[in-house]
Protein chains: 2
Amino acid sequence: MNTANAESFRNVTIVGAGVIGMSWAALCLAHGSEVTISDPAPTTESQVRAGLADIAPTLEELGMRTDDLTARLRFEADLAAAVAHADVVQENGPERLEIKHRMWATIEGNAPAHALFATSTSGLPASEIATVLKQPERLIVGHPFNPPHLVPLVEIVPGRLTSEETVEQARAFYSALGKKPQVLHKEVPGFVANRLQAAFFRECVHLVAEGVVTEQELDELVTSSIGPRWAVAGPFQSFHLGGGSGGFAHFLSHLAPAMEQSWKFLGSPTFDEATVKLLSEQAEAYLGDRPIEELATQRDQAQIALMRALGELPPAPAR
Amino acid sequence: MNTANAESFRNVTIVGAGVIGMSWAALCLAHGSEVTISDPAPTTESQVRAGLADIAPTLEELGMRTDDLTARLRFEADLAAAVAHADVVQENGPERLEIKHRMWATIEGNAPAHALFATSTSGLPASEIATVLKQPERLIVGHPFNPPHLVPLVEIVPGRLTSEETVEQARAFYSALGKKPQVLHKEVPGFVANRLQAAFFRECVHLVAEGVVTEQELDELVTSSIGPRWAVAGPFQSFHLGGGSGGFAHFLSHLAPAMEQSWKFLGSPTFDEATVKLLSEQAEAYLGDRPIEELATQRDQAQIALMRALGELPPAPAR
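What counts and what doesn't
- Residues numbered from 1 in each chain as written.
- Chains lettered and ligands numbered in written order.
- Predicted model: local features only at pLDDT ≥ 70, side-chain atom pairs only at ≥ 80, totals over all residues.
- Heavy atoms only, no water.
- Pairing = 2+ DSSP bridges.
- Helix = DSSP H or I, 4+ residues; strand = E, 2+ residues; numbered from the N terminus.
- Axes fitted to C-alpha atoms, helices over the stretch in contact; angles between N-to-C directions.
- Contact = heavy atoms within 4.5 Å.
- Salt bridge = Lys/Arg side-chain N within 4 Å of Asp/Glu carboxyl O.
- Buried < 20%, exposed > 50% of the residue type's maximum accessible area, 1.4 Å probe, protein only.
- Phe/Tyr/Trp six-rings, centres within 6.5 Å; stacked < 30°, edge-to-face > 60°.
- Lys NZ or Arg CZ within 6 Å of the ring centre and 35° of its normal.
- UniProt positions renumbered as here; feature names shortened; annotations may be inferred.
- Least-squares fit on C-alpha atoms with pLDDT ≥ 70 in both.
- Polar contact = N/O pair within 3.5 Å; in protein donor to acceptor, adjacent residues only side chain to side chain.
- Buried area = accessible area lost by both parts, 1.4 Å probe.
- Right-handed = clockwise from strand over helix to strand, strands pointing away.
- 1 Å grid on protein atoms, 1.4 Å probe; cavity = no way out; pocket = protein on both sides within 12 Å on 5 of 7 lines; lining within 4 Å.
- Points joined across faces, edges and corners; volume = space filled by probe spheres on them.
- Nonpolar A, V, L, I, M, F, W, Y, C, P; charged D, E, K, R; others polar.

### Some remarks on the sheet that holds strand E1 (residues 11-15) of chain B
Sheets are built from strands that pair by backbone hydrogen bonding, the pairs being arranged parallel or antiparallel. All names here are of chain B. Here we have 8 strands laid out as an open sheet, ordered E3-E2-E1-E4-E5-E6-E7-E8, and mixed in their pairing. This sheet does not close on itself; its edge strands, each paired only once, are strand E3 (73-75) and strand E8 (180-183). Strand after strand, the sheet turns through a mean of 25° between neighbouring axes, direction not considered. Sheet analysis places strand E5 (residues 116-119) next to strand E6 (residues 139-144), joined by 3 bridges and oriented parallel. For Ala118, the partnering residue across the bridge sits in E6 and is Ile140. Running over the sheet, helix H3 (residues 44-61) touches strand E2 (34-38) and E3 and is turned about 155° from E3.

Right, dumping it as structure tokens:
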């Protein structure tokens, strides 16, 4: 943690030790927090220790110390006990409302009064999860872009009753972890990043299903054009610059009408049997012969190199 | 040019000296071609010389020599004369079919029999442009992602009658320029890259119009998540890795149904008066106080740094 925030977020409880929970735990540990992991599965401890060992090299490349990563880690299957001293609870449980309700009622009943309540959910709005809480103003969505120990974005999505204080607490927490939080102004299904990905991928599926390109060709096309562009300038700035000296005003007056026309041509595919078969076969031919771990490591190393080149590696934690 | 291809594409005629034509000219000159620029506008020569001076620093950063960039450059307003010795004609004229028809009839009537005929059009299919040609098999779309001297992608889109030989000639030409050509298997409106951008941007406009995020917040969100991801792994590989050890099969069986549901929630905005007003105002507040040239230079330098970090700079031309 940055010195300024170190005290406020010393004790972090991670609820649910799946891929996301593990990644949050690794990041918090690397920033010097005391981390308690709560998951009822009997294999939790061995899985987390193995997972942290897998993540450690990436943290090192990101400039963090990992020699004593597990020194401040403990496991507590009992949720009530696990949150008893928490300054932050980051919940990564199953995406089912009744489970979230049960978890959060227990958390609220046992956590200190000052603790920040955050859920990693990608699908359930804070407003719905918070209906079981006596103090719904304390709960917020802190939705990472997977994996949270690497990708900078965290979408902060307040519910209808979430307080401004909670928003600022969440912003401070994720910023202290070196993340780039974005606070959404409205609670919409899928938040922002997943909606944008879904919109893009819908057309990807359409173009592959129509036989215009293969999956591999489409991926190559994206990584040699749109991807690197949007890594350095978002879509609005890109169209601003695409308009030449006229900027975004030129885009709106000269290019937007044609784009609006093109929206009518875009595909509306479904994941029907024939499409799923085609997509599976192409994925197998394209990616099937390389171990997933190898591909993932290669991608993450490439992303770290990219972030380093752009001067976007988070500052090393002051410990 | 690579030695192997240097002879085949020695004489390049660039038709139309707008932003795209100028960029193609710069790239071809840096690769050692003799370049003839044909544009009827009387200001062509001074504009092109100024434009090449603007582009030269970027070419240098990409590892190309620019000291004698204009030594092999000539101007010939008369189209018939301009193509008389061409090995390649890359046309960047106005996006109107009757103009393209007139140009290509003249080009075919005056160019050598071996010349490759390519059009940079982003909107008109080769099949429609080629209806005026005696040898429609010679014409192909070579659509760059702007600016062609920097972004690797070139979409090669054959028309109904384009020959396989022309496809291979185009692939060889763009590869020799250090580009990453992708040959599409079907001629669809907007080709691939612009359709994908349009699908993505539709949801961007929706989310800004709905007040979920501002333009600036959306850009920051993209550059801190989706952008860097898609710079290093395309969407299919990303969802393959997002499925964990189950890979793309897990994505299809577990996540695709939820994505298909989410497609129903996506927005259908229009560029109506209120939306255009909102988008303009936000763009002005976000980007209005910085000169466009400065933003563009910064973006291009960042992209070169990114490409260098990923080992994706094209090899320096052998001259």
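### A short note on the pattern of salt bridges
Residues and elements named next belong to chain B. In total, this model carries 24 salt bridges over all chains according to the counting rule given. Here Arg171 and Glu168 are joined by a salt bridge, their closest N and O atoms 3.1 Å apart. With Arg171 and Glu168 both in helix H7 (residues 164-176), this residue pair falls 3 residues apart, about one helical turn. Accessibility expressed as a relative area gives 33% for Arg171, which makes it partly exposed.

### Some words on the packing of aromatic side chains
Applying the stated criterion across every chain yields a total of 29 aromatic pairs over all chains. Here the aromatic residues A:Phe201, A:Phe271, B:Phe236, B:Phe239, B:Phe248, B:Phe251 and B:Trp263 are joined through ring pairs into a cluster of three or more. One cation-aromatic arrangement involves B:Arg138 over B:Phe117; the distance from NZ or CZ to the ring centre is 4.0 Å.

### A few points about the UniProt feature "domain: 3-hydroxyacyl-CoA dehydrogenase C-terminal" (unreviewed entry) in chain A
Under the feature "domain: 3-hydroxyacyl-CoA dehydrogenase C-terminal" (unreviewed entry), the UniProt entry names residues 190-249 of chain A. With 73% helix and 0% strand, the stretch residues 190-249 of chain A has end C-alpha atoms that lie 30 Å from each other.

### Looking at unusual backbone geometry
All names here are of chain A. A cis amide bond links Asn146 to the next residue, Pro147, at an omega of -5°. Take Pro147: it is sitting in the loop between strand E6 (139-144) and strand E7 (153-158). The residue Phe191 is not glycine, and still its phi comes out positive at about 55°.

### A closer look at the relation of the copies chain A and chain B
Overlay of chain A on chain B (RMSD 0.0 Å): rotation 180°, translation along the axis 0.0 Å. Put plainly, the chains are arranged around a two-fold axis. A symmetric contact is evident, with 100% of the interface residues of chain A recurring at the interface of chain B.

### A closer look at the side chain of B:Asn92
All names here are of chain B. Position of Asn92 among the secondary structure elements: in the loop between strand E4 (88-91) and helix H5 (97-110). Here Gln90 takes part through its backbone oxygen, which lies 3.1 Å from a polar atom of the side chain of Asn92. Not counting residues within four places of it along the chain, the set of residues in contact with Asn92 comprises Ile14, Val15, Gly16, Ile20, Gly21, Trp24 and Ser120.

### With respect to the interface of chain A and chain B
Listed by partner, the interface residues are 97 residues for chain A and 98 residues for chain B. Between chain A and chain B lies a buried interface of about 9300 Å² when both sides are counted; carbon and sulfur atoms form 72% of it. Between the two partners, chain A and chain B, sit 4 salt bridges. In this structure, A:Glu203 engages B:Arg195 in a salt bridge whose closest nitrogen and oxygen atoms are separated by 2.7 Å. The element best represented in the side of chain A that touches chain B is helix H8 (residues 193-209) of chain A, accounting for 15 residues.

### Some points on the UniProt feature "domain: 3-hydroxyacyl-CoA dehydrogenase NAD binding" (unreviewed entry) in chain A
Here, UniProt's "domain: 3-hydroxyacyl-CoA dehydrogenase NAD binding" (unreviewed entry) annotation points to residues 11-186 of chain A. Structurally, residues 11-186 of chain A is divided into 37% helix and 21% strand, and its ends, taken at the C-alpha atoms, are 30 Å apart.

### Thoughts on the sheet that holds strand E8 (residues 180-183) of chain A
Residue and element names in this part refer to chain A. With respect to topology, 8 strands assemble into an open sheet ordered E3-E2-E1-E4-E5-E6-E7-E8, the strand pairing being mixed. Of all strands in the sheet, those bounded by a partner on one side alone are strand E3 (73-75) and E8. Averaged over all neighbouring strand pairs, the angle between strand axes comes to 25°, with direction disregarded. Sheet topology places strand E4 (residues 88-91) next to strand E5 (residues 116-119); 4 bridges connect them, and they run parallel. Paired with Val88 across the strands is Leu116, a residue of E5. Strands in contact with helix H3 (residues 44-61) are strand E2 (34-38) and E3; relative to E3, the strand with the most contacts, it is inclined by about 155°. Along the sheet, helix H5 (residues 97-110) contacts strand E1 (11-15), E4, E5 and E6; its crossing angle with E5, the most-contacted strand, is approximately 165°.

### Here we look at the pairing of E5(B)
The alternating pattern of E5(B) places B:Leu116 and B:Ala118 on one face and B:Phe117 and B:Thr119 on the opposite face, and all of these are buried. Crossover connection from E4(B) via H5(B) to parallel E5(B): handedness right-handed.

### A look at empty space enclosed by the protein
All names here are of chain A. Overall, the coordinates contain 2 cavities of 30 Å³ or more when judged by the stated rule. Considered as a void within the structure, the largest cavity measures approximately 60 Å³ in volume. Tallied by class, the residues present in the lining of the largest cavity amount to 4 nonpolar, 2 polar and 4 charged. Empty space within the second largest cavity amounts to approximately 40 Å³. Lining of the second largest cavity is provided by Leu27, Leu62, Met64, His149, Leu150, Pro152, Leu177, Gly178, Lys179, Met307 and Pro314. Class assignment of the residues belonging to the lining of the second largest cavity gives a composition of 8 nonpolar, 2 polar and 1 charged.

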